[in-house]
Each structure stands twice: as structure tokens, then as C-alpha cells.
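# Structure assessment
So you can see what is in the structure, the chains are spelled out below.
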Amino acid sequence: MRKIIKGAVVGAALLIAAPAYASGDGSAANQGNLNSALLVSNCVVCHGQGGDSQGHTPSIDGLNRAQMLNALTEFKSGARKGTIMTRIAPGYTDAQLEAIASELTGN
Amino acid sequence: MSNNKLNKTSRRDFLKIAGATGAVSAFAISGCAMGPSGTGPRVVVVGGGFGGSTAARYVKKFAPDYRVTLIEPKTSYVTCPFSNPYLGGLVDLKTITHGYGGLSKAGVHVVHDMVTGLDAANGTISLSSGKTVEYDRLIVSPGIDFKWGMGYDEAASLISPHAWQGGSQTVLLKKQLEAMDDGGTVIIAPPGNPFRCPPGPYERASMIAHYLKAHKPRSKVLILDRKDKFSKQGAFMEGWKKNYTNIEWVKATDAGTITSVDAGARTISTEMDTHKAAVLNFIPNQKAGKIAHTMGLTGGGDWCPVDQITFESSVIPGVHVIGDAAVVSGMPKSGNAANSEAKVCAWAVVQLLSGASEVEPAVTSNTCYSLVTPDYGISVTAVWKATPEKYVSQGGGVSPADQSDGFRKQEAEYAHGWYANITHDIWG
Ligand SMILES: Cc1cc2nc3c(=O)[nH]c(=O)nc-3n(C[C@H](O)[C@H](O)[C@H](O)COP(=O)(O)OP(=O)(O)OC[C@H]3O[C@@H](n4cnc5c(N)ncnc54)[C@H](O)[C@@H]3O)c2cc1C
């Protein structure tokens with residue numbers, strides 16, 4: 001019972017945050033990017049939050065959407081060499097890579 | 001995508017009540033200075049390790065108004081990841097120690113206390129301080145406990161450490177390696193499946209061999225296994241062949257069943273032989289962390305069965321279990337997996353508390369880097385799609401064989417990069 005009542009409150013709670021999270025940074029309030037919030041959360045463990053790497057792995061916050069998608073597509077096809085992205089990128093569908101590129105670059 | 005529809009409805013509702021909610025929210029924040037900030041549902045997380053800390057942070061990230069509380073007895077957390085490079089002398093203790101300030105800053109209410117029990121009917125947990133905490137959904141990530149036996153118990157682990165939990169155990173093992181005379185044998189006895197960090201014992205062998213090669217060149221590492229094969233075996237073996245003459249791996253069939261362990265004498269006996277170690281690192285078989293058993297989340301088994309899509313316990317509704325303690329079919333028990341499961345679970349918890357009747361299965365991933373030498377790294381990675389039965393691999397694999405020194409060096413550097421970024425994602 002309690003949960004159902006809470007559900008109504010949550011709807012409001014989520015949306016209070018909406019203005020601050022309008023541009024795809026992972027908030028559930030960001031309706032268009034529901035799944036991409038989770039998809040890009042797979043990348044931050046190596047590339048840093050927002051693509052700003054804290055260590056030896058490359059930062060990816062400087063790439064625009066086309067560059068990002070191009071890199072991912074080339075890793076997937078094998079046209080671009082790497083130590084690990086050539087194993088990771090094939091794990092995503094082309095549509096998922098598109099969603100990831102959009103979420104990470106905010107467009 | 002029923003979630004979308006639901007949330008769209010919520011948005012309209014919100015617009016109607018926005019003014020009123022604003023006032024409530026201001027009141028609630030000033031009125032609860034000692035509790036979690038926000039006015040939304042209460043999500044309580046047990047355990048501030050890889051899984052729990054990530055879950056707390058990501059619930060707050062996905063739903064900033066939720067009241068999120070993290071309960072963890074320790075005020076700082078020493079990671080197991082990179083504890084092997086610590087044994088090898090590559091990083092210091094400070095590098096692998098993390099505080100909870102970052103989580104507080106992210107809006108998580110961090111309580112340093114020990115959880116002692118669950119009252120699921122009333123939606124509360126009890127703490128060792130005597131306090132009771134109410135939750136709307138509970139996320140439990142208590143890590144592992146050991147199946148003591150064969151003469152090896154907790155008291156024995158203070159003499160010959162397993163070092164399979166971070167902190168004092170790891171430090172003790174390092175001190176013993178430093179104190180041992182040259183010419184001795186370090187025995188590592190890896191556990192049987194399933195256990196935390198499948199490549200861990202073999203990275204440990206590598207890092208100890210690296211230390212011995214430089215400081216105690218007449219000493220060696222003997223791995224007495226309880227398995228006949230292990231994670232990234234080909235890649236480890238290739239790396240050992242190239243870099244070490246002081247590692248010997250004996251598979252279970254050849255080693256024989258281990259019958260007793262004497263931590264004081266530093267001996268380990270099998271049905272065939274007794275081996276004497278200068279430093280003994282016996283790693284016991286494992287089960288879910290103690291509190292998971294106390295709470296009844298294991299359903300009488302060793303680990304906690306969960307819904308593979310939401311991580312909700314198959315035994316107790318409203319309680320989710322993630323990380324090493326959970327049965328997640330297809331995924332290894334790793335820190336990266338715990339981090340990934342936490343994100344998927346945080347998402348599911350927010351969806352469920354928003355009234356969603358169904359949660360879309362996630363696509364998630366894991367990578368385990370291991371250092372063979374400071375300049376020789378290997379990895380195994382996977383991308384999975386959740387299904388009700390298990391996590392189905394969509395891609396990934398182990399580092400390819402026969403690569404250049406440059407390739408291995410790059411992977412070693414990226415291993416450090418992974419560590420820096422995942423710990424920043426969790427505790428930064
Ligand atoms: C030597 C070694 C090397 C490893 N290397 C890697 C690696 O390179 N990469 C990788 O991905 N993984 C690695 N791992 C695995 C990784 O450490 C674990 O998989 C990970 O810690 C699991 O996270 P968890 O949240 O399930 O448990 P933990 O991280 O152990 O967290 C559990 C937390 O719960 C707390 N807790 C327990 N009981 C209670 C209670 N009653 N109340 C409140 N709090 C409680 C504990 O204090 C602890 O902080 C390694 C492990 C080992 C042993």
C-alpha cells in the first residue's frame with residue numbers, strides 16, 4: 001500500500017529536478033534518454049564522469065557527436081585499432097552506439 | 001516502454017502541483033537536518049563498497065529528490081582492486097583508500113554504523129547503535145563471507161592472512177612478504193568456484209613474483225589450486241612465460257584435495273602431500289556477506305537469488321541485492337560488475353518507486369584488468385543484455401595472444417586509468 005502512495009509523490013520528486021537536468025546527464029527526468037543514461041554509465045568507469053578521464057585512459061569529452069560515433073563505428077568494424085575498444089564496441093547495436101554518442105555529447 | 005508513458009503522466013501531475021511541492025520541499029529540508037536531504041521516497045543502502053556506494057550515488061543521480069541513506073561501518077574503504085599491485089610495490093596504501101566525503105557531497109546521507117537486522121514487514125532495518133531506519137526500498141551489497149574450515153578460521157587469518165577483503169589483511173600479507181627470508185616459497189591457495197574476482201589469485205601470484213624477482217630472487221610462488229582452469233588462463237600463462245621463472249601453478253587434479261591448513265606452522269596438506277610455506281596465503285571458499293544470511297536473503301543457500309532485471313530479492317520483496325552477494329547469472333563477482341549491477345539496480349528502484357509495472361532490461365558491462373608486471377597488462381571485458389534468466393553476452397573477450405610489448409604496456413597503463421576512473425565514479 002505504502003509503495004503505491006509513494007509512487008505518486010515520486011512522480012513529482014523526479015520532475016522537481018527536471019530543469020537542472022535538462023541536457024542529458026543521466027537524470028531519470030530526462031525522458032528521451034532513459035536507456036542511454038544507463039548505457040553511458042558503462043563508459044565512465046574507464047573514461048571518467050562526463051568523459052573527463054582521471055587517468056591514463058583517453059578523455060572523450062572533447063569529441064563532437066560525429067567524431068564519437070565515427071570512432072565507435074570504426075572500433076566495431078575493426079577499421080580502427082585499439083587494445084580494448086575493438087572488443088567493447090561490437091557489444092552494442094548500431095542504434096545503441098547512436099544513443100550513446102548523443103547522450104555523451106548532448107546532441 | 002510503459003515507463004515513458006508513466007513518467008509523462010507524472011510530468012502533467014507535477015505541473016499541477018508544482019507550487020505546493022516547492023513549499024513542502026523547503027520545509028522538509030530544513031526540518032530534517034540530521035537525515036537525508038530531499039522529499040522523495042527513502043532508499044536505504046547497506047554496505048559502502050563497490051556495489052553499495054555506486055547504488056547510493058546513482059539513485060541520487062537518477063532521482064535527485066529521493067532521500068538516500070548509505071550505511072557502512074568503516075569511515076574509509078580500502079579496495080581489493082589494486083591491492084595486488086600494492087603487494088607488488090606499485091602503488092601505496094593511500095592510493096587504494098577512499099573516504100565517503102564525495103558521496104556526502106553528492107547528496108547521499110552517509111551513516112557509519114553496522115546493520116544488524118531486517119524487519120521487512122514494517123520496512124525497517126536495525127543498526128548496532130540501536131537505531132532503526134525506515135526504507136521504501138532497500139539495497140543490500142554486503143560483499144562476501146568465508147566458509148571457514150580445515151583448521152583455517154578467522155583467528156587463523158590473523159596469522160596467515162587470506163587478504164581477500166581489503167585493509168588490514170592486505171597490509172599483513174605485505175608485511176609478511178617483506179619479512180620473509182630469501183629462498184622461501186609463497187604458497188597461494190585459490191578458492192573453488194564461485195568466488196570474488198576470478199582472475200585475482202593469478203594477478204596476486206604475478207605481483208608477488210614481481211616483488212620477489214626484485215627483492216628475493218631465490219624465492220618462488222607456488223599456486224596450489226582447487227580448480228583445473230582459471231580466468232584469463234592463456235593470457236596469464238603467456239605473460240608468466242615471458243616474464244617469470246618463479247611461478248609454479250599446480251592444478252587441482254595434480255595438487256590433490258586440500259585436507260588441512262595450519263596457519264601457525266604455515267603448512268597446507270593435501271591428500272598427497274604437506275607443503276611448507278614461508279608465507280601462506282590460503283583463500284577460503286566463499287558465500288554471501290553475513291548480514292545477507294541474517295536477513296534471510298540467501299533463502300538457506302550460500303548466495304542471494306535475485307530477479308535478474310531489477311535485482312529484487314527472490315526471497316524478500318522490496319529488498320534488492322547486488323554485488324558479490326547476489327546470484328547474477330553470466331556475470332563474474334567483480335568490483336566493476338558490482339558497479340554495473342548497482343547502476344542497473346538504482347535505475348530499476350527509481351522506476352519501481354515511480355510506479356512502473358515493468359522495468360526495461362539493461363545492457364551492461366564489466367572489465368577486469370590484471371597486471372602481470374608493471375608494464376604488462378591483460379584484460380577481459382564483456383557487454384551483456386539482461387534477460388529474465390541470465391545476462392547474455394553481446395561482445396567482449398580476453399586480450400589477444402601474441403601482442404607487442406607496446407600493446408601490453410598500454411593495457412597496463414589503462415588498468416591504472418580504469419582504477420582512477422571507477423573509484424572516482426564511486427567515491428570521488
Ligand atoms: C585481491 C583482489 C583483487 C581484486 N581486483 C579486482 C579488480 O581488479 N577489478 C574488479 O572489478 N574487481 C576486483 N576485485 C573484486 C572486488 O573487490 C569485489 O568484487 C567488490 O568489492 C564487490 O563489491 P561488493 O559491494 O559486493 O562488496 P564490498 O566491496 O566488499 O563491499 C561490502 C561493504 O559492505 C559493508 N558491510 C558488510 N556488512 C555490513 C553490515 N552488516 N552493515 C553495514 N555494512 C556492511 C562492508 O564493510 C563493505 O564495505 C578484487 C578482489 C580481490 C580480493
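The shown structure was predicted, so the numbers you read here are calculated from the model rather than taken from an experiment.

The rules we used
- Residues numbered from 1 in each chain as written.
- Chains lettered and ligands numbered in written order.
- Predicted model: local features only at pLDDT ≥ 70, side-chain atom pairs only at ≥ 80, totals over all residues.
- Heavy atoms only, no water.
- Pairing = 2+ DSSP bridges.
- Helix = DSSP H or I, 4+ residues; strand = E, 2+ residues; numbered from the N terminus.
- Axes fitted to C-alpha atoms, helices over the stretch in contact; angles between N-to-C directions.
- Core = buried A, V, L, I, M, F, W, Y, C linked by side-chain atoms within 4.5 Å.
- Buried < 20%, exposed > 50% of the residue type's maximum accessible area, 1.4 Å probe, protein only.
- Domains from an automatic or database assignment.
- Contact = heavy atoms within 4.5 Å.
- Buried area = accessible area lost by both parts, 1.4 Å probe.
- Salt bridge = Lys/Arg side-chain N within 4 Å of Asp/Glu carboxyl O.
- Nonpolar A, V, L, I, M, F, W, Y, C, P; charged D, E, K, R; others polar.

The next point concerns the pairing of strand 6 (residues 115-119) of chain B. The pairing of strand 6 of chain B with strand 7 (residues 124-127) of chain B spans four bridges and is antiparallel. Counted as the bridge partner of Asp119(B) is Thr124(B) from strand 7 of chain B.

Residue and element names in this part refer to chain B. The strand order across the open sheet formed by three strands is 22-23-24, and the pairing between neighbours is antiparallel. With partners counted over all chains shown, the strands left at the sheet margins are strand 22 (363-373) and strand 24 (391-398), one partner each. Going from strand to strand, the sheet's axes swing by 15° on average, the running direction of each strand aside. Pairing analysis gives 10 bridges linking strand 22 to strand 23 (residues 376-386), with the strands arranged antiparallel. In the sheet register, Val363 faces strand 23, and the bridge partner there is Lys385.

Residue and element names in this part refer to chain B. Read across the sheet, three strands follow the order 6-7-8 without closing on themselves; strand pairing throughout is antiparallel. Each edge of the open sheet carries a strand with a single partner, namely strand 6 and strand 8 (132-134). Within this sheet the neighbouring strands show an average axis-to-axis angle of 25°, counted without direction. With three bridges joining them, strand 7 and strand 8 adopt antiparallel strand pairing. What sits directly across from Ile125, in strand 8, is Val133.

A few words on the nonpolar core. Residue and element names in this part refer to chain B. Judged by nonpolar contacts, the single largest core of 136 residues is most densely connected at Ile125, Leu138, Ile139, Trp240 and Met295. No other element matches helix 11 (residues 335-353), which puts 12 residues into this core. Two domains each donate at least three residues to this core, and these are domain 1 (3-145 + 287-359) and domain 2 (148-284). Among residues more than four places away in sequence, those in contact with Trp240 are Tyr202, Ala205, Ser206, Ile223, Phe230, Ile247, Trp249 and Val372.

Right, let's get into the domain arrangement of chain B. All names here are of chain B. What the domain assignment lists for chain B is domain 1 (3-145 + 287-359) and domain 2 (148-284). The C-alpha centroid of domain 2 is placed 34 Å from the C-alpha centroid of domain 1. Contacts between the two partners involve 17 residues from domain 1 and, on the opposite side, 20 residues from domain 2. Roughly 1,700 Å² is buried in total at the junction of domain 1 and domain 2, and carbon and sulfur atoms are behind 64% of that figure. Sorting the residues of domain 1 by area buried against domain 2 places Asn84, Leu87 and Ile144 first, and these three jointly supply 37% of that buried surface. On the surface where domain 1 and domain 2 come into contact, there are one salt bridge. Sorting elements by how many residues they give to the side of domain 1 that touches domain 2 places helix 3 (residues 83-87) first, with five residues. Its residues assigned to classes, the side of domain 1 that touches domain 2 comprises 10 nonpolar, five polar and two charged.

Moving on, we come to the pattern of salt bridges. Residues and elements named next belong to chain B. Following the criterion strictly, the structure yields 18 salt bridges over all chains and no others. In this structure, the salt-bridge partner of Asp136 is Arg42, at a minimum N-O distance of 3.2 Å. Residue Asp136 is found in the loop between strand 8 and strand 9 (137-140), and its partner Arg42 is found in strand 1 (residues 42-46); the two are separated by 94 residues along the sequence. The burial state of Asp136 is the same as that of Arg42; both residues are buried. The salt bridge involving Lys174 is made with Glu178; its shortest N-O contact spans 3.4 Å. Here Lys174 pairs with Glu178, and both are found in helix 6 (residues 168-179), just four residues apart, close to one helical turn. The structure contains a network of salt bridges with shared partners spanning Arg42, Glu134 and Asp136.

Turning our attention to the environment of Gly78(A). Checked against the element boundaries, Gly78(A) lands in the loop between helix 4 (65-77) and helix 5 (85-88). C-alpha separation for the pair Gly78(A) and Ala89(A), spaced 11 residues apart in sequence, amounts to 9.5 Å.

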